[in-house]
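Residue-level listing of the chains:
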Amino acid sequence: MAKFCENCGKPLKENQDICLNCGVAVKKDTPTNTTNVTNINTNPTTAPKSKVCAGLLALFFGTIGIHNFYLGYSGKGVAQLLITLLTCGFGAIITGVWALIEAIMLFTGSIGVDGNGVPLQ
Ligand SMILES: [Zn+2]
């Protein structure tokens, strides 16, 4: 595997970082590039979520925990969903108050991050 300087075309040794002929730094091969690609791919999943959107979901659908599913707090979401469903809706008195408090906490910034620790917008 012979490497060549991109600037002047002179042959380079295996571990040579700078071309001795023209002084141009030699580009490193793929390893650093592949890590950059994976970083870009993971960004969309950690995109900040809207606290206004989450707060509105809590106000309208909070009794079944939709806002917690949206934010990635699946455990709390499942708990609210089950309390409401397993009581044939009577538990919505509890989960409704619970969701209302969470909506207020979302609007006031008391809940500032989602389930992945990403700050809300
Ligand atoms: Zn060169």
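A quick note: this is a predicted structure, and the numbers were derived from the prediction, not measured.

### Let's talk about the packing of aromatic side chains
Moving on, step 1. Per the stated rule, a full pass over the model turns up 0 aromatic pairs.
Moving on, step 2. The ring of Tyr73 is capped by Lys76, whose NZ or CZ atom sits 4.8 Å from the centre of that ring.

### Digging into unusual backbone geometry
Across the chain, the bulk of peptide bonds are trans and the bulk of non-glycine residues have phi less than zero.
Moving on, step 1. Positive phi, close to 55°, is recorded for Cys88, a residue that is not glycine.
Moving on, step 2. Relative to the helices and strands, Cys88 resides in the loop between helix H4 (74–86) and helix H5 (92–108).
Moving on, step 3. The exposed category is assigned to Cys88, whose relative accessible area is 72%.

### A few points about H4
Moving on, step 1. With 13 residues, H4 extends 18 Å from end C-alpha to end C-alpha; this agrees with the ideal 18 Å at 1.5 Å per step.
Moving on, step 2. Buried residues of H4: Gly77, Gln80 and Thr84, and no others. Each buried residue of H4 lies within a common arc of 70° when the element is viewed along its axis, so the set occupies one face. Facing away from the buried side of H4 by more than 90 degrees, the exposed set consists of Gly75, Leu85 and Leu86.
Moving on, step 3. Turning to H4, the residues buried within the fold contact helix H3 (66–71) and H5.
Moving on, step 4. Phi for Cys88, located one or two positions after H4, is positive at around 55°.

### Side note on the confidence of the model for the chain
Moving on, step 1. In the predicted model, the chain carries a mean pLDDT of 87, and 84% of its residues have values of at least 70.
Moving on, step 2. When mean pLDDT is compared element by element in the chain, H3 scores highest at 98, while helix H1 (residues 31–42) scores lowest at 49.
Moving on, step 3. When the criterion is pLDDT under 50, residues 32–36 qualifies, and its contacts beyond four places in sequence or with other chains add up to 0 contacts.

### Observations regarding H5
Moving on, step 1. Taking 1.5 Å per residue as the helical rise, H5 with its 17 residues ought to reach 24 Å, and the 23 Å between its terminal C-alpha atoms agrees with that figure.
Moving on, step 2. Listed in full, the buried residues belonging to H5 are Thr95, Ala99, Glu102, Ala103 and Leu106. All buried residues of H5 fall inside an arc of 110° around its axis, so they share one side. Residues of H5 that are exposed and point more than 90 degrees away from the buried face comprise Ile93, Ile94 and Thr108.
Moving on, step 3. For H5, the elements touching its buried residues are helix H2 (51–61), H3 and H4.

### Quick look at the nonpolar core
Moving on, step 1. Counting 5 residues, the largest nonpolar core consists of Ala54, Leu71, Leu106, Ile111 and Leu120.
Moving on, step 2. In this structure Leu106 touches Lys51, Ala54, Gly55, Leu71, Ile111 and Leu120, once residues within four positions along its chain are discounted.

### Here's the deal with the coordination of the zinc ion
Moving on, step 1. For the zinc ion, the protein coordination sphere consists of Cys5 (SG), Cys8 (SG), Cys19 (SG) and Cys22 (SG), at 2.2 to 2.4 Å.
Moving on, step 2. Along the chain, the residues that donate to the zinc ion are spaced as C-x2-C-x10-C-x2-C. Within this pair, whereas Cys5 is found in the loop between strand S1 (3–4) and strand S2 (11–12), its partner Cys22 is found in the loop between S2 and H1, the two being separated by 17 residues in sequence.
Moving on, step 3. The class of Cys5 is buried, set by a relative accessible area of 6%.
Moving on, step 4. For Cys22, a relative accessible area of 32% translates into the label partly exposed.

About the criteria used
- Residues numbered from 1 in each chain as written.
- Predicted model: local features only at pLDDT ≥ 70, side-chain atom pairs only at ≥ 80, totals over all residues.
- Heavy atoms only, no water.
- Phe/Tyr/Trp six-rings, centres within 6.5 Å; stacked < 30°, edge-to-face > 60°.
- Lys NZ or Arg CZ within 6 Å of the ring centre and 35° of its normal.
- Helix = DSSP H or I, 4+ residues; strand = E, 2+ residues; numbered from the N terminus.
- Buried < 20%, exposed > 50% of the residue type's maximum accessible area, 1.4 Å probe, protein only.
- Expected span 1.5 Å × (residues − 1).
- Arc of directions from axis to C-beta.
- Contact = heavy atoms within 4.5 Å.
- pLDDT = per-residue confidence, 0-100.
- Core = buried A, V, L, I, M, F, W, Y, C linked by side-chain atoms within 4.5 Å.
- Donors = N, O, S within 2.8 Å, 3.2 Å for Na, K, Ca; no water.

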